[in-house]
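The chain contents come next:
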Amino acid sequence: WPLPPARHPGRAVAAALQALREEGRLAAAQSVSVPRDWAAVRDRLVPTGDGGDWEWMWTGTAPAPVPGEEHLVELSDRGDAEEIMTFARTHSPRTWADAGSGRTELWLGLRDAAGRLRAVGGMERLDTGAPHLTGIVIGTAERRQGLGRVVTAALARRAIDDSGVCTLGVYADNVAAVALYHQLGFRTAHAWSTRSVAAPLGG
C-alpha cells in the first residue's frame, strides 16, 4: 500500500496503517510488513505475533561462473517435489520453498555420489514477471564449503540472461547469506519487518 508523502516518514507509516484499519483492509490480513526503521510504529497500532526482519535484494549484473556449477542438475518441480520439500524442511525449516505447485519454474540441485541432495535452489516469477530466487537450502553438514555460492550464482546468471534482473529475499539475521549475496553483486533495495497479525482488525 503506497505511503502518503510526508516530511516525517514515521508519521506517514502511522497514517497509512491507520487508514488501512479504518477502511477495513486489515480485517483479513495475516501479516503486516513495514520498513524496518518503523516497526515500532506498526507495533503500536497493530497487535502482532511472530515474524521476521528481512531484506529485499536485487542485481542486474550476472555473477561470474563459480567452480562446482558444472555438477548442478535440473530437478523437476513436480517429480522431485517430495524430495525437495523434505530436504528444505530438514535443513532450513523457515526457508520459503514451494516445490510441486508449479510456481517454481527452475530447480537446480547438487547431489552426492549416492544421489542424495547436498544443496538446492529455485527460481520463480514475481507478478511483474521478474525472476526471483527461492528455496536456497544447503545441507547442514555441507555448509561453509561454498555450495551456497555455487547454487546462487548459477540461478542468478540464468535469471539475468533471461530477464536482465534477479531478485531474492533473505532473513536479516542470516548474516552469512546476506554477505554472500552482496559478494555476488546483489544490493539491498528494501529492509523490511514482517509480523503476523495477532488478532482480527476491523474498521
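Whatever comes next refers back to the structure up there.
In this text the structure is predicted, and so the values were computed from the model without any measurement.

1. Description of the pairing of strand β2 (residues 48-59)
Judged from the nine bridges that link them, β2 and strand β8 (residues 187-197) form a sheet pairing that is antiparallel. By the bridge assignment for β8, M57 is matched with T188. Note: β2 against strand β7 (residues 166-171), six bridges, orientation antiparallel. What sits directly across from M57, in β7, is L168.

2. What about unusual backbone geometry?
Phi angles above zero are rare outside glycine, and R144 is one such case at about 65°. Relative to the helices and strands, R144 is located in the loop between β6 (131-138) and α4 (147-163).

3. Some details on the packing of aromatic side chains
Evaluation of the coordinates by the stated rule reveals three aromatic pairs. A centroid spacing of 6.3 Å and a plane angle of 70° characterise the contact between W54 and W56, whose relative ring orientation is edge-to-face. Three or more aromatic residues joined by ring pairs make a cluster, and in this case those are W54, W56 and W192. Just above the ring of Y171 sits the side chain of R94; from NZ or CZ to the centre is 4.1 Å.

4. Brief notes about the nonpolar core
Among the nonpolar cores identified, the biggest contains 29 residues, and L133, Y181 and F186 are the most heavily contacted of them. For this core, the secondary structure elements donating two or more residues are β4 (104-111), β5 (117-125), β6, α4, β7 and α5 (175-183). Discounting residues that sit within four places of it in the chain, Y181 has contacts with M57, I136, T152, L168, V170 and F186. Among the nonpolar cores identified, the runner-up in size contains twelve residues, and L75, A81, I84 and A99 belong to it.

5. What about the environment of D50?
Along the chain, the position of D50 falls in strand β2. The class of D50 is exposed, set by a relative accessible area of 68%. A sequence separation of 67 residues divides D50 from L117, and the C-alpha atoms of the two residues are 30 Å apart. For D50, the residues in contact, after removing those within four places along its chain, are T194, R195 and S196.

6. Things to note about α5
Considered for burial, the residues of α5 that qualify are A177, V178, L180 and Y181. Buried residues along α5 cover an arc of 160° about the axis, so they all sit on one side. Opposite the packed face of α5, turned more than 90 degrees from it, sit the exposed residues V175, A176 and Q183. Of the surrounding secondary structure, the elements contacted by the buried residues of α5 are β2, β6, α4 and β7. After α5 finishes, the residue G185 shows a positive phi value of roughly 105°.

Reading the values: rules and limits
- Residues numbered from 1 in each chain as written.
- Predicted model: local features only at pLDDT ≥ 70, side-chain atom pairs only at ≥ 80, totals over all residues.
- Heavy atoms only, no water.
- Pairing = 2+ DSSP bridges.
- Helix = DSSP H or I, 4+ residues; strand = E, 2+ residues; numbered from the N terminus.
- Phe/Tyr/Trp six-rings, centres within 6.5 Å; stacked < 30°, edge-to-face > 60°.
- Lys NZ or Arg CZ within 6 Å of the ring centre and 35° of its normal.
- Core = buried A, V, L, I, M, F, W, Y, C linked by side-chain atoms within 4.5 Å.
- Buried < 20%, exposed > 50% of the residue type's maximum accessible area, 1.4 Å probe, protein only.
- Contact = heavy atoms within 4.5 Å.
- Arc of directions from axis to C-beta.

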